[in-house]
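# Tertiary structure, described
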Amino acid sequence: MSWEGPAGCPGGSVRQGCKLAKGLLFKYISKEYLLNFLVSFTFFFLIFFVNSILLLVQKIMLKNITFTTMLAMVFLSMPQFLIYTIPFATLSGTSMVLGDLNSSNELLALRSSGVGLSRVFRPIILWALVFSLLTYFVSDFLLPWSNIIYKQRLTELMVDLPTFEIESNGINTIGDIVLSNGEVEGDRIKDIIMIGTSDGKDERTIASPEGRIGMVDVSSFLYRIELSDPEILMTDSTDGSTNLVARSRSATLYLDFSNQVPTLTSTSPANLSSKELLSSIRERRVVEEDQVGAWSDMREDYLLDISSAVRRQICSGVPMDDEIDVALSGLDATSVRPIDFYAQYYKAELAKKSALSLACLCLSLSALPFALLKLKYGRLTGFAISLLVAVSYWYILFFSQLKIFDVSFSPYLLIYLADMSVLVLGALFMFLMRKAR
């Protein structure tokens, strides 16, 4: 039997020992990584979830909703935050475990025994791939599903409790109407005051000591309010005088509460699946092609006008400056290729699903240089640096989303900019660290 050193794995019992050692190393790195991932996940969970969820819980508890219903609503609102929490947790988990192994000289001992860094990186990269798939599952399946169920539960609550969106002694803005009310008991509302405009100038106020509210249309959240002894007051915008216009024993008003629905989840493109987004993109492509075609025809017409005016000026010798200036102004006004808002929005959200999923892998790869960086407090320092990287990633992604409507080209490149940036910076840092050693 030949021996090839600690790094080799020849046949026989030595090979079995090598396999066992590699298996133990894989399990050890995986265990440390997952523990650090769990700590990081809990931290980012609190950062992303607590504020929004507490607001939702407070709103629901004020309406005396059952505890199980409250938990169900909170659970259904969680997937939209997981798509950010999981990638950032993988970044922190990687930086913390590598920083800790390096500060405790464990990596030095492994390398002295002939174990390369690739063996240490292997379980980390494998788990990053697993979390990438998990993030995509949450983004493309769990999030759309939870959004649908959330809206169904919310609709049921608003049907059972017509005053779900109206709190006692509160003020709500419904379209161009401001609704002020006193105590709320069941479906009864006291001291109702509604302020709006009648013709865009004069202010109209409807006051009633009591009213009863009920839902008319579940899908559009249209409500009906039966008012008792209402009075209609009109305030003149010119002199500020207020006059009683009408008084009645009862009146019925209809209010659209669709803009009052809690916005933790919505039917925006961010909550659609990839299949739905691709279908919407195909539909918008027809509109986009029509817009671009009309834009191209308009620019061609302006160019023809300029060419025609110049030709007539040369042939007749009569100045055509006015016609040329008008055509040039039109050409300048149409210099920017038209952008279809919804097409850009759908494409950006489709790209963001895969970008956030790949972020688990990209952020983990960017943290691998921690294996070459000697830190005194490896775990703590790794976590602190990972926070800076996570904030930078978030900023680049947020900035890219804002810029998708300022460019006429496809937004895919912009959305992937955050992933590419951390990969390039990680590779550059790894190169510099290896060169310095």
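Residues numbered from 1 in each chain as written. Predicted model: local features only at pLDDT ≥ 70, side-chain atom pairs only at ≥ 80, totals over all residues. Heavy atoms only, no water.

## What about the packing of helix H6 (residues 274-316) against helix H7 (residues 321-333)?
Heads up, the condition is: Axis angles are defined between N-to-C directions and span 0 to 180 degrees, where every axis is a line fitted to C-alpha atoms and, for a helix, only to the segment in contact. Only DSSP runs of H or I with at least four residues qualify as helices, and only runs of E with at least two residues qualify as strands; both kinds are numbered from the N terminus onward. By the definition adopted for this analysis, an angle is roughly parallel if under 35 degrees, roughly antiparallel if over 145, roughly perpendicular if from 65 to 115, and oblique otherwise. The handedness criterion is simple: a crossing whose near helix is rotated anticlockwise from the far helix by less than a right angle is left-handed, and one whose near helix is rotated clockwise is right-handed. Note on contacts: a residue pair is in contact if any heavy atoms of the two residues lie within 4.5 Å. Three classes are used, and their members are as follows: Ala, Val, Leu, Ile, Met, Phe, Trp, Tyr, Cys and Pro are nonpolar, Asp, Glu, Lys and Arg are charged, and the others, Gly among them, are polar.
Contact geometry of H6 with H7 gives a least axis separation of 9 Å together with a crossing angle of 160 degrees. As the angle between them shows, H6 and H7 are arranged roughly antiparallel. H7 is crossed by H6, and the crossing has left-handed handedness. Along its contact with H6, which presents Arg 299, Tyr 302, Leu 303, Asp 305, Ile 306, Ala 309, Val 310, Arg 312 and Gln 313, the element H7 presents Asp 321, Glu 323, Ile 324, Ala 327, Leu 328, Gly 330 and Leu 331. Considering only residue class, the contact of H6 with H7 consists of nine nonpolar, two polar and five charged.

## Brief notes about helix H9 (residues 378-403)
The line we're drawing: Expected span of a helix: the number of residues minus one, times 1.5 Å. Burial classification: accessible surface area is computed with a 1.4 Å probe over protein chains only, and a residue below 20% of its type maximum counts as buried, one above 50% as exposed, and the rest as partly exposed.
Across its 26 residues, H9 extends 37 Å between first and last C-alpha, which sits within 8% of the 38 Å expected from 1.5 Å per residue. Listing the buried residues of H9 in full gives Gly 378, Gly 382, Phe 383, Ser 386, Ala 390, Tyr 393, Leu 397 and Ser 400.

## A closer look at the state of the cysteines
We count it as follows: Cysteine sulfur atoms are paired as a disulfide whenever they fall within 2.5 Å.
Summed over all chains, the structure comprises zero disulfides. In this model Cys 360 remains outside any disulfide bridge; the closest cysteine sulfur is found in Cys 362, 9.2 Å from its own. The class for Cys 360 is buried, based on a relative accessible area of 0%. When its relative accessible area of 8% is taken as the criterion, Cys 362 is described as buried.

## Here's the deal with the pattern of salt bridges
When their charged atoms lie close together, side chains carrying opposite charge are able to pair. Using the following cut-off: By definition, a salt bridge exists where a carboxyl oxygen of Asp or Glu is found within 4 Å of a side-chain nitrogen of Lys or Arg.
Summed over all chains, the structure comprises five salt bridges. For Glu 210, the salt bridge is made with Arg 188, and the minimal N-O distance between the two is 3.1 Å. On the criterion of sequence distance, the pair formed by Glu 210 in strand S5 (residues 203-217) and Arg 188 in strand S4 (residues 188-197) is long-range, its members being 22 residues apart. The exposure class of Glu 210 is partly exposed, given its relative accessible area of 26%. Among the salt bridges present, the one from Glu 349 reaches Lys 352, with a minimum N-O distance of 3.5 Å. In this pair, Glu 349 and Lys 352 are both assigned in helix H8 (residues 341-366), three residues apart and thus about one turn of the helix distant.

## Let's talk about the environment of Ser 95
Note the following rule: Two N or O atoms count as a polar contact when they lie within 3.5 Å, although within protein this holds only if one can serve as hydrogen donor and the other as acceptor, and sequence-adjacent residues are included solely when both atoms are side-chain atoms.
In this fold, Ser 95 is placed in helix H3 (residues 79-103). Residues Ser 95 and Leu 363 lie 268 residues apart in sequence; the distance between their C-alpha atoms is 9.6 Å. When sequence neighbours within four positions are dropped, the list of residues in contact with Ser 95 reads Ala 367, Phe 370, Gly 378, Gly 382, Phe 383 and Ser 386. Of note is the side chain of Ser 95, whose polar atom sits 3.0 Å from the backbone oxygen of Ser 92.

## Thoughts on the nonpolar core
Across soluble globular proteins, nonpolar side chains have a tendency to be buried as a group. For clarity, the threshold we go by: As used here, the term nonpolar core means buried Ala, Val, Leu, Ile, Met, Phe, Trp, Tyr and Cys residues forming a set that is joined through side-chain atoms within 4.5 Å.
One finds Leu 98 and Tyr 393 to be the most contacted residues of the largest nonpolar core, which totals 52 residues. Elements supplying a minimum of two residues to this core: helix H1 (12-61), H3, helix H5 (117-160), H8, H9, helix H10 (412-415) and helix H11 (417-436). Residue contributions to this core peak at eleven residues, all from H3. Leave out the neighbours within four places in its chain, and Leu 98 touches Leu 107, Val 120, Phe 121, Ile 124, Ala 367, Leu 368, Phe 370 and Ala 371.

## As for a negative patch on the surface
Test applied: Surface patches are defined over residues having more than 30% relative accessible area and no salt bridge, joining like charges when they lie within 9 Å and nonpolar side chains (Val, Leu, Ile, Met, Phe, Trp, Tyr) when within 5 Å. Each accessible area is a Shrake-Rupley estimate made with a 1.4 Å probe; only the visible protein chains count as cover when residues are assessed. Under this rule, positive means Lys or Arg and negative means Asp or Glu; His and the chain ends count for nothing. Charged groups are reduced to one reference atom each: NZ for lysine, CZ for arginine, CG for aspartic acid, CD for glutamic acid.
On the surface, a cluster of negative charge is made up of Asp 297, Glu 300, Asp 301 and Asp 305. Mapped onto the elements of the fold, Asp 297 is located in helix H6. You can call Asp 297 partly exposed: its relative accessible area is 45%.

Note that every value here comes from positions in space, so none of it alone points to a role or purpose.
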